[in-house]
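Descriptive analysis of the structure
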Amino acid sequence: GYAIECRVNALTPGKITALHLPGGPGVRVDTALYQGYTVPSNYDGMIAKLIVYGQDREEVLARGRRALDEFVIEGIATTLPFHRRVLDNQVFCEGKACTDFIETQMGDLL
């Protein structure tokens, strides 16, 4: 099988005003977040881990995209949109990502 883990980070401190965690077959979310929680300014930025698994690369990519589309955290900026862009990237989807992936494929974010 295949698995992908997305480490969801808070990019800003603030209060979680809305929260919806994805679920379903092959989807797991590890977090202690709850609606109303305030992410402090002196925090470890990782607020959740999204883990998806499937029988093959296509299945795990599809599950990851669906889970990211369903994952809602409002009130703060997070890395959820970044992870969605990664799972839509052709180089990543073809399994051709290298250690310079962020620089060469996502350079507009740097």
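Residues numbered from 1 in each chain as written. Predicted model: local features only at pLDDT ≥ 70, side-chain atom pairs only at ≥ 80, totals over all residues. Heavy atoms only, no water.

With that settled, the discussion passes to the state of the cysteines. In a disulfide, the sulfur atoms of two cysteines are held together by a covalent bond. This model, assessed by the stated rule, comprises 0 disulfides. Among the cysteines around Cys93, which has no disulfide bond, Cys6 carries the closest sulfur, lying 12 Å off. Here Cys98 is not cross-linked by a disulfide; its sulfur's nearest cysteine counterpart is in Cys93, at 16 Å. Residue Cys98 is classed as exposed on the basis of its relative accessible area, which comes to 56%. (Disulfide = S-S within 2.5 Å. Buried < 20%, exposed > 50% of the residue type's maximum accessible area, 1.4 Å probe, protein only.)

Relative to strand β6 (residues 46-54), strand β1 (residues 2-9) runs antiparallel, the two being bridged by 8 bridges. Among the inter-strand pairings, Ala3 is bridged to a residue of β6, identified as Tyr53. Pairing between strand β4 (residues 27-31) and β6: 5 bridges, direction antiparallel. Bridged to Val27 within β6 is Val52. (Pairing = 2+ DSSP bridges. Helix = DSSP H or I, 4+ residues; strand = E, 2+ residues; numbered from the N terminus.)

Our focus in this paragraph is the sheet that holds β6. Read across the sheet, 3 strands follow the order β1-β6-β4 without closing on themselves; strand pairing throughout is antiparallel. Each edge of the sheet is formed by a strand with only one pairing partner; in this case those strands are β1 and β4. For this sheet, the mean inter-axis angle between neighbouring strands, taken without regard to orientation, is 15°. (Axes fitted to C-alpha atoms, helices over the stretch in contact; angles between N-to-C directions.)

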